Amino acid sequence: MTSEKGAQMGTEEAPAQRRGGARKAWPATFDTSVANQARMYDYLLGGKDNYAADREAVDAILTIYPEMAFTARANRAFLGRAVCFLAGDAGIRQFLDIGTGIPTANNTHQVAQAIAPESRVVYVDYDPIVLAHARALLTSDGAGATDYIDADLRDTGVILSQAAGLLDFAKPVAVSLIAILNAIPDDDDPHAIVATLMDAVPSGSYLALTHMASDLLDRETQDGLEGLRDRMPKHFTSRSREEVARFFADMDLVEPGLVRVEEWRQQPGSAPDSADRSSMWCGVGRKR
Amino acid sequence: MSTVAPDGEQPFSGLDDPPVDATVLRMLLGGQLRRLREAAGVTPEQAGMKIRGSRSKISRMETGKVGFKIRDVADLLTVYGVTDERQRAALLSLARQSKNPNWWTKYSDILPDWFETYLGLESAASTIRSFEIQWVHALFQTGDYARAVTELGHRFAGADEIERRVGLRVQRQELLTRPAPPRIWSVMDEAVLRRPVGGAAVMRAQLRHLIEVAAMPQVTLQVLPFTHGGHAGATGSFTVLRFAELDLPDVVYIEQLTSAIYLDQRADVEHYLEVVDQLSGAALTPAATVRFIEQVAQET
């Protein structure tokens, strides 16, 4: 998979990459007795690829923060609208979807290829079982293509060199980081990771991301969720609007800017009529 | 979640003797209609009035004791506030299938009841996942390979019966080319590829056929190579059927020599789901699988 172009893309000086070499232990072994973020999300979206531990963890969250169900659905719907915009108005034909998760309806390549059948999509996930699902279910036929990379977001060098097997990094790429940066603690410098990825793509590329918002949850809810920390599968960091905005440093945010996931480019008349509000920031930025 | 009959009956578990005139599809659809009615807060009397029937008609429908009129099901879904087109289409399709005479009816003399049940489920499934340790999956068998397998299982059958059984298997494969075919995701032990059922020539043709099948967009094949060592599928082949309708449980099918086991209880199903997930994660990727089958074909 690794092409010469990919090798050139290697960003060996980036801090995230320097640390990446020693991280072989990451991919979680498959243990259904422990809640797993991808499967929890699957459960929230009404999927069937989840286990008792996943449902218990989600149910515990829902007792403290019932809006999580709406937030998960709104987050997923944002992905669809963002890819629609990217493949449509923005004319993007190459997608790097990091943190793919368990396949559900309207996955990135389906939305993109419905608009531009020749679209190429590389899916990245660090969970081998999630990736097995992606390889089985996220396949394209016809003019487009899909590929799959087994890597942690922090291993940007691995992601970029392997993605170069399918994507042409001389042409614009849309990088999507949907609800995944929450899994990167400040110690691992998520802003440097995103900068490394965006440094590797040319001007006119896009970044689409969503992030759990620390400033959209009241104190009581945050404390409640904090109390669940030990029962949750892994580290989870919410960030403020300002911290999320910094992921788009030196980029131009497309309208309407950094908003809640349900507020981003809803079709007129299709905006949620309920009073539900998510607690996730989202944005789509264009690299200058 | 996993109960498909009223009053806590478990119609699938250890189902050696299926109910006489209630197909699995009717039970699945009936159970679903009951859940939807209850969620909508509609009484059986009210529901019965809406479809020009009685309380007991609703009860018979919900317990899978009678066939469904498509119009009745459509009206009930409206009364229950089911407006999502995908959900409606999935349920109406179940209703249609539970009503139509099944294509396999003409084979009923050679089909045990427990296998007819499987055919009904298979044709209603949206995703079929399987682990095979002995044979190539029936949906992927060539005629010659199917004949060799059939002869092994029916040593005293006449030539006519063998041909009818092979014909049944071939007709079953029309599932692959029908409109909106199910996704089929099959993990095979390497032994399946190495055992030359029907002889080397038949097996080579079968392996070439597998490579063609693997190219179908809705089919995923993975091989678990011997080099992987031990694996989680210790007890043998099994199939997990999933249905498009969100509230329908997955069903695990395990075939035995003279009967079959159907599991739909969540704890049971999840155990198998976990194993098939594990096997899928451990097996070669779909792309590497095709290269592997090509290699085995050369060595066969």
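All values derive from a computational prediction rather than experimental measurement. (Residues numbered from 1 in each chain as written. Chains lettered and ligands numbered in written order. Predicted model: local features only at pLDDT ≥ 70, side-chain atom pairs only at ≥ 80, totals over all residues. Heavy atoms only, no water.)

Caption draft 1: Molecular detail of the overall build of chain A. Of regular secondary structure, chain A possesses 11 helices and 8 strands. Per-residue burial for chain A yields a buried fraction of 56% across its 288 residues. Accessible area for chain A stands at about 12000 Å²; split by element, carbon and sulfur atoms hold 49% of it. (Helix = DSSP H or I, 4+ residues; strand = E, 2+ residues; numbered from the N terminus. Buried < 20%, exposed > 50% of the residue type's maximum accessible area, 1.4 Å probe, protein only. Areas by Shrake-Rupley, 256 points an atom, 1.4 Å probe, with all protein chains shown as cover.)

Caption draft 2: Local environment of the overall build of chain B. On a plain count of helices and strands, chain B comes out with 12 helices and 6 strands. A compact globule built from 300 residues would reach a C-alpha radius of gyration of about 19 Å, and chain B, at 21 Å, matches this within 12%. For chain B, the C-alpha atoms occupy an extent of roughly 65 × 45 × 35 Å along the three principal directions. Relative to its 300 residues, chain B shows a buried fraction of 50%. (Rg over C-alpha atoms; globule rule 2.2 N^0.38 Å.)

Caption draft 3: Structural context of a negative patch on the surface. Taken together, the side chains of A:Glu67, A:Asp218, A:Glu220 and A:Asp276 make up a negatively charged region of the molecular surface. Relative to the helices and strands, A:Glu67 resides in the loop between helix H4 (52-64) and helix H5 (68-87). (Patch = residues over 30% accessible without salt bridge, like charges linked within 9 Å, V, L, I, M, F, W, Y side chains within 5 Å. Salt bridge = Lys/Arg side-chain N within 4 Å of Asp/Glu carboxyl O. Lys, Arg positive; Asp, Glu negative; His and termini not counted. Charge placed at Lys NZ, Arg CZ, Asp CG, Glu CD.)

Caption draft 4: How the structure looks around the interface of chain A and chain B. Taken together, the contacts link 18 residues of chain A with 21 residues of chain B. Taken together, both faces of the contact between chain A and chain B bury some 1700 Å²; the carbon and sulfur share is 52%. Inspection of the region where chain A meets chain B yields 2 salt bridges. The closest approach of N and O atoms between B:Glu270 and A:Arg55, which form a salt bridge, is 2.7 Å. The interface formed by chain A and chain B includes 13 residue pairs in polar contact (both at pLDDT 80 or more). Elements that contribute at least two residues to the side of chain A that touches chain B include exactly H4 and helix H7 (128-137) of chain A. Looking at side-chain class alone, the side of chain A that touches chain B contains 8 nonpolar, 5 polar and 5 charged residues. (Contact = heavy atoms within 4.5 Å. Buried area = accessible area lost by both parts, 1.4 Å probe. Polar contact = N/O pair within 3.5 Å; in protein donor to acceptor, adjacent residues only side chain to side chain. Nonpolar A, V, L, I, M, F, W, Y, C, P; charged D, E, K, R; others polar.)

Caption draft 5: Representation of the pattern of salt bridges. This model, assessed by the stated rule, comprises 26 salt bridges over all chains. B:Arg242 is the salt-bridge partner of A:Asp49, the closest N and O atoms lying 3.0 Å from each other. Note that A:Asp49 is positioned in the loop between helix H3 (37-44) and H4 and B:Arg242 in strand S4 (residues 238-242), a pairing that runs across two chains. Accessibility classification places A:Asp49 together with B:Arg242 in one group, the buried group. Between B:Asp144 and B:Arg147 there is a salt bridge; the shortest N-O distance is 2.9 Å.

Caption draft 6: Local environment of the side chain of A:Thr237. Topologically, A:Thr237 is positioned in the loop between helix H10 (219-227) and helix H11 (241-245). In contact with A:Thr237, not counting residues within four places along its chain, are A:Asn182, A:Ile184, A:Pro185 and A:His211.

Caption draft 7: Focus on the packing of aromatic side chains. Taken as a whole and judged by the stated rule, the model has 9 aromatic pairs over all chains. Measuring from ring centre to ring centre gives 6.0 Å for A:Phe85 and A:Tyr206, while their planes differ by 85 degrees; the resulting arrangement is edge-to-face. Residue A:Phe85 is located in helix H5, and its partner A:Tyr206 is located in strand S5 (residues 206-212); the two are separated by 121 residues in the primary sequence. Exposure class is identical for A:Phe85 and A:Tyr206. Each is buried. Clustering of aromatic rings is evident, with ring pairs tying together A:Phe78, A:Phe85, A:Tyr206 and A:Trp264. A cation over an aromatic ring shows up here: A:Arg265 above the ring of A:Trp264, its NZ or CZ 5.3 Å from the ring centre. Positioned over the ring face of B:Trp185 is B:Arg129, at 3.9 Å from the centre of the ring. (Phe/Tyr/Trp six-rings, centres within 6.5 Å; stacked < 30°, edge-to-face > 60°. Lys NZ or Arg CZ within 6 Å of the ring centre and 35° of its normal.)

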